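Summary of the model geometry
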Amino acid sequence: IGIAAVGLGGYGAAKARTPLVKDVGVSLKRFPGALDGLTIVQLTDVHIGALIDGAWLRGVVARVNELSPDVIAITGDLVDGSVAELRDHVAPLADLRAKYGVFFVTGNHEYYSGADEWIAELTTLGIRVLRNERVSIGEGDASFDLAGIDDYRAKGFGGDHGPDLARAVAGRDPSRELVLLAHQPKHAFEAAEHGVGLQLSGHTHGGQIWPWGYMVKLDQTFVAGLDTLKDLQIYTSCGTGYWGPPMRVGAPPEITRLTLRRAA
């Protein structure tokens, strides 16, 4: 048992440091045919901090850029520490390149680390922080809506923070496809009532270490992979980094490349 535990621990530690590109295809009813094949590369739960540094992040950035994404989405829990502590380690994000831009929404760990300061810092790196708002991706009829909301628990941290999906989608044309960035998967129940076609989330780490995912499911319902809720599809990434023990078992880290197509 001891030998097996040591071997499994070593395997988990090695896996935690090497995120792989995971390809996911998503067909959406309202997605414009002119953008068929558009790619969104999702990073989430990177957790730059004491155990994950800028050198590691530079490698991730290089791999993302090699994919030539149309959109890059960072769905929260990027950092574990203040701007003063981690500014240099997060700086490689300025080198991310995507045709339509790089977008970010807050996760719970941003609020532990000084969300307002991080929002300002990420903006200086050329990253668009979506706070209960939406933008258009593409031009004219060859476009869709991309929305982003604050973390599920953000309201408890005061100020003007807190998720407000109704505000993000107010006044939108319901015939347009809508993709939502939301850190916690549990936003899906509200998203399904607001005409969201696809939600991209993280937070769960896929459980990170088996069998913890079964406990995560009790809180979030959606733990990893592509799921459906009414007319909504939700993709929950296992995360790009890790938190706590530097290991992963049964939930490998990922750089997710989502290819969007118009449903037949």
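Our subject is the structure that appears above.
Quick notes on the rules
- Residues numbered from 1 in each chain as written.
- Predicted model: local features only at pLDDT ≥ 70, side-chain atom pairs only at ≥ 80, totals over all residues.
- Heavy atoms only, no water.
- Buried < 20%, exposed > 50% of the residue type's maximum accessible area, 1.4 Å probe, protein only.
- Helix = DSSP H or I, 4+ residues; strand = E, 2+ residues; numbered from the N terminus.
- Arc of directions from axis to C-beta.
- Contact = heavy atoms within 4.5 Å.
- Polar contact = N/O pair within 3.5 Å; in protein donor to acceptor, adjacent residues only side chain to side chain.
- Pairing = 2+ DSSP bridges.
- Axes fitted to C-alpha atoms, helices over the stretch in contact; angles between N-to-C directions.
- Salt bridge = Lys/Arg side-chain N within 4 Å of Asp/Glu carboxyl O.
- Phe/Tyr/Trp six-rings, centres within 6.5 Å; stacked < 30°, edge-to-face > 60°.
- Lys NZ or Arg CZ within 6 Å of the ring centre and 35° of its normal.

**Quick notes on helix α5 (residues 115-124)**
Taken together, the buried positions of α5 are A115, W118, I119, E121 and L122. What you see down the axis of α5 is that its buried residues fit within an arc of 165°, all on one side. If you follow the buried residues of α5, they end up packed against α3 (83-90), β4 (102-104), α4 (108-112) and β5 (128-129). With its phi angle positive at about 85°, G126 sits one or two positions after the end of α5.

**Let's talk about unusual backbone geometry**
For the peptide bond that leads from W210 to P211, omega is 10°, which places it in the cis range. With respect to the helices, strands and loops of the structure, P211 is situated in the loop between β9 (198-201) and α8 (213-220). Although it is not a glycine, H47 sits at a positive phi angle of roughly 60°. Note that H47 resides in the loop between β2 (38-43) and α2 (54-66). Non-glycine residue K230 carries a positive phi angle of around 55°. Within the secondary structure, K230 is located in the loop between β10 (225-229) and β11 (232-236).

**Quick notes on the environment of V179**
Within the element layout of this structure, V179 appears in strand β8 (residues 178-181). For the pair V179 and I234, spaced 55 residues apart in sequence, the C-alpha to C-alpha distance is 9.7 Å. If we skip the residues at most four places from it in the chain, V179 touches I40, F144, D145, L146, A147, L198, L200 and L260.

**A short note on the side chain of R131**
Position of R131 relative to the elements: it lies in the loop between β5 and β6 (133-139). For R131, a relative accessible area of 16% corresponds to the buried category. One polar contact links the side chain of R131 to the main-chain carbonyl oxygen of D160, over a distance of 3.4 Å. Among the polar contacts made by the side chain of R131, one reaches the side chain of H161 at a distance of 2.9 Å. In contact with R131, other than residues within four places in its own chain, are I119, G148, D150, D160, H161 and R167.

**Here we look at the sheet that holds β8**
Reading across from one edge, β6-β7-β8-β9-β11-β10 is the order of the 6 strands in this open sheet, with mixed pairing throughout. Each end of this open sheet is capped by a strand with a single partner; those strands are β6 and β10. The mean angle between the axes of side-by-side strands here comes to 20°, regardless of whether they run parallel or antiparallel. Pairing of β9 with β11, which is carried by 4 bridges, proceeds in the parallel orientation.

**Some words on the pattern of salt bridges**
Following the criterion strictly, the structure yields 11 salt bridges and no others. Each of the salt bridges in this network shares a partner with another, and the network as a whole consists of R131, D150 and D160.

**A closer look at the packing of aromatic side chains**
A complete count under the given rule lists 4 aromatic pairs for this structure. On the numbers, 6.0 Å between centres and 55° between planes, the contact of Y112 with F157 is tilted. Taken together, the residues Y112 in helix α4 and F157 in the loop between β7 (142-148) and α6 (165-169) connect sequence positions 45 residues apart. Exposure remark for Y112: the relative accessible area of 54% places this residue in the exposed category. According to the relative accessible area criterion, F157 is partly exposed, its value standing at 40%. An aromatic cluster of three or more residues is present, and its members are Y111, Y112 and F157. Against the face of Y152 rests K186, its NZ or CZ located 4.7 Å from the ring centre.

**Quick word on the side chain of H183**
Its place among the elements puts H183 in the loop between β8 and α7 (188-191). A relative accessible area of 0% places H183 in the buried class. In this structure the side chain of H183 is engaged in a polar contact, spanning 3.3 Å, whose partner is the side chain of D77.

**Some remarks on the sheet that holds strand β12 (residues 254-262)**
Strand order in the open sheet made by the 6 strands is β1-β12-β2-β3-β4-β5, with mixed pairing throughout. In the strand order of this sheet, the two ends are held by β1 (20-28) and β5, each with one partner. Both β2 and strand β3 (residues 71-74) contribute to a ladder of 4 bridges, which runs parallel. Paired with Q42 across the bridge in β3 is A73.

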